[in-house]
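Residues per chain are reported as follows:
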Amino acid sequence: MALRTIDSLGDLRGRRVLVRADLNVPLQDGDIADDGRIRASVPTIRRLLDAGAAVIVASHLGRPDGAPDPAYSLAPVATRLGELLGRPVDFAADTVGEAAQSAVRALEPGGVLVLENLRFNPGETSKDAAVRGAFAEQLAGFADAVVSDGFGVVHRAQASVTDLEALRPSAAGLLVETEVGVLERLTRSPQSPYTVVLGGSKVSDKLAVIDSLLPRVQTLVIGGGMLFTFLAAQGHRVGASLLEADMIETVRGYLAKAAELGVTILLPTDIVVAERFAADAAHETVPADAIESASFGAQGIGLDIGPDTAGAFAAAVAASKTVFWNGPMGVFEFPAFAAGTRAVAQALAELEGSGGFGVVGGGDSAAAVRALGFADEDFGHVSTGGGASLEFLEGKRLPGLTALGWE
Ligand code: ADP
Ligand code: MG
């Protein structure tokens, strides 16, 4: 079955619609470092306002521990949303408490209200279905209908992503519809050669996808934080670099399986090693199998792929017809360690010009390409979800999509 769309909700004039958006933007010193996810939420909100609804927007931000934490307040996000919509946006200082309740009561058709961070409530991510359900009931009490548009969280069975959708008439928002359309193209009929490029820092989350991706791709390119677990699996020392020691055996298994399937796993041959994790850290480029030969010895931290590797990765992208990329190749937030990410982004943008199809997925990956000066139009698609898009490509059933009728 296909996703239920906003049209399935019928006449929305005068109705309250709760939009579960993904406004989980990267923050730097309290400022929004990249507003891509807020921009991506605007079309659905506009559409609902045009239909005469009052819109309540709910989202998480960061990983607060089920309790209010001012560092993760959505207040600055609500302000930015108001600027993008060009109309006033109310903000409730709690999620389902008294502030939220009275703000919802005061909300008129055409009005927009942003609730405080969903994850300030333990019910949002609780493993206990009853606890989640009780929180979902409180959210449902605010609205006549629910629109699920937070693509970045559809792989999570969380109160606002699955439980809430079952309590009210619910439908996918325009962002979720678009994202699913693009990812379907990648899973149903990817033109080969098909290459997946993986990096980033959520190593344990992402290593597991490799197993399911191996039978689907011709080449797997490994950069970012996860490359060090691969180097360790090959018996190399990695200094103080990000390492998932208890995954080394599993990674050996992936290497063996790739060899069996004839899939190329492309690993770095050189690494930029830094003295410490800082923008201005001293750094050297050394062979990938000799990270501790840099002046910093066992203290050295690999913060980017080296220039030879960047060239090889770019060539692998250029030789492909379909590429999905998730996870920066290095700590791109520090300009000295952004070159690897830039090289891959450049190659992906050129692929687009030569008839290939390149997709960037992931909150930080999308932020990275924008920070490096690329526009979303330079790529086949820039997905707002990293984990969600990877799980989709693996062929998994995503609970947040199942909740919207997807099979
Ligand atoms: P996404 O949000 O695109 O799915 P992740 O959240 O997994 O990506 O990872 C993004 C982060 O990975 C970035 O903040 C980047 O600094 C970090 N990263 C990339 N390479 C390394 C590395 N070698 N060591 C530590 N962190 C890294
Ligand atoms: Mg991320």
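It should be noted that the structure appears before, not after, this text.
A. Seen up close, the packing of helix 1 (residues 36-50) against helix 2 (residues 75-85). In the contact formed by helix 1 and helix 2, the axes pass within 10 Å of each other and the chain directions differ by 60 degrees. The angle between the axes of helix 1 and helix 2 places the two elements in the oblique class. Regarding helix 1 and helix 2, the two cross each other, and that crossing is right-handed. Taking contact as the criterion, the partners of Ile38, Arg39, Val42, Ile45 and Arg46 in helix 1 are, on helix 2, Val77, Arg80, Leu81, Leu84 and Leu85.

B. Representation of the site of ligand 1 in the model. Surveying the vicinity of ligand 1 reveals 19 residues, the closest of which are Ser201, Lys206, Glu333, Asp364 and Ser365. Contact between ligand 1 and Ser365: an oxygen atom at 2.5 Å from a side-chain N or O atom of the residue. Relative to its unbound accessible surface of 580 Å², ligand 1 loses 91% to contact with the protein. Elements that contribute at least two residues to the shell around ligand 1 include exactly strand 14 (301-305) and helix 12 (363-371). It is helix 12 that provides the largest number of residues to the shell around ligand 1, a total of three residues. Tallied by class, residues from the shell around ligand 1 come to five nonpolar, ten polar and four charged.

C. Representation of the pattern of salt bridges in the model. Summed over the entire model, instances satisfying the criterion amount to 15 salt bridges. A salt bridge links Asp11 to Arg13; the shortest N-O distance between them is 2.8 Å. A salt bridge links Arg132 to Asp163; its shortest N-O distance comes to 3.1 Å. Placement of the pair is Arg132 in helix 4 (residues 129-140) and Asp163 in helix 5 (residues 159-167), with a sequence separation of 31 residues. The residues Arg132 and Asp163 share a single accessibility class, namely buried. Within the structure, one salt-bridge network assembled from shared partners comprises Asp35, Arg39, Arg80 and Glu83.

D. Quick peek at the pairing of strand 16 (residues 357-361). Of all five residues making up strand 16, five are buried, and the element is well covered by its neighbours. Here strand 16 shows a buried face lined by Phe357, Val359 and Gly361 and a second buried face lined by Gly358 and Val360. Handedness of the strand 15 (residues 322-326)-helix 11 (residues 339-353)-strand 16 crossover: right-handed. By the bridge criterion, three bridges tie strand 16 to strand 17 (residues 381-383) in an arrangement that is parallel. Its bridge partner being in strand 17, Gly361 is matched across the sheet by Ser383.

E. Examining the packing of aromatic side chains more closely. Throughout the structure, instances matching the rule amount to four aromatic pairs. Ring centres 5.3 Å apart and planes at 65 degrees place the aromatic pair Phe277 and Phe334 in the edge-to-face group. Residue Phe277 is located in the loop between strand 12 (270-274) and strand 13 (283-287), and its partner Phe334 is located in the loop between strand 15 and helix 11; the two are separated by 57 residues in the primary sequence. Owing to a relative accessible area of 52%, Phe277 belongs among the exposed residues under this scheme. Judged by its relative accessible area of 17%, Phe334 falls in the buried class. Grouping aromatic residues by their ring pairs yields a cluster made of Phe277, Phe334 and Phe337. One residue, Arg185, lies across the ring of Phe357, its end atom 3.6 Å from the ring centre.

F. The sheet that holds strand 17, seen in detail. The parallel open sheet is built from six strands, whose spatial order is 11-10-9-15-16-17. Edge positions in the sheet fall to strand 11 (264-266) and strand 17, since each has one partner strand and no second. Across this sheet, the average inter-strand angle for adjacent strands is 15 degrees, counted without regard to direction. With five bridges joining them, strand 15 and strand 16 adopt parallel strand pairing. Paired with Val323 across the bridge in strand 16 is Gly358.

G. A look at the nonpolar core. Of all hydrophobic cores here, the largest spans 83 residues; its most connected members are Ile210 and Ile222. Per-element tally for this core: the top contributor is helix 11, with seven residues. Apart from the residues lying within four places of it in its own chain, the contact partners of Ile222 are Leu198, Ile210, Leu227, Phe230, Ile265, Leu266, Leu267, Pro268 and Phe313. By size, the runner-up hydrophobic cluster in this structure holds 29 residues, among which are Val25, Leu74, Leu81 and Leu84.

Basis of the calculations
- Residues numbered from 1 in each chain as written.
- Chains lettered and ligands numbered in written order.
- Predicted model: local features only at pLDDT ≥ 70, side-chain atom pairs only at ≥ 80, totals over all residues.
- Heavy atoms only, no water.
- Axes fitted to C-alpha atoms, helices over the stretch in contact; angles between N-to-C directions.
- Helix = DSSP H or I, 4+ residues; strand = E, 2+ residues; numbered from the N terminus.
- Parallel < 35°, antiparallel > 145°, perpendicular 65-115°, else oblique.
- Left-handed = near helix turned anticlockwise from the far one by under 90°.
- Contact = heavy atoms within 4.5 Å.
- Near = heavy atom within 4 Å.
- Polar contact = N/O pair within 3.5 Å; in protein donor to acceptor, adjacent residues only side chain to side chain.
- Areas by Shrake-Rupley, 256 points an atom, 1.4 Å probe, with all protein chains shown as cover.
- Nonpolar A, V, L, I, M, F, W, Y, C, P; charged D, E, K, R; others polar.
- Salt bridge = Lys/Arg side-chain N within 4 Å of Asp/Glu carboxyl O.
- Buried < 20%, exposed > 50% of the residue type's maximum accessible area, 1.4 Å probe, protein only.
- Right-handed = clockwise from strand over helix to strand, strands pointing away.
- Pairing = 2+ DSSP bridges.
- Phe/Tyr/Trp six-rings, centres within 6.5 Å; stacked < 30°, edge-to-face > 60°.
- Lys NZ or Arg CZ within 6 Å of the ring centre and 35° of its normal.
- Core = buried A, V, L, I, M, F, W, Y, C linked by side-chain atoms within 4.5 Å.

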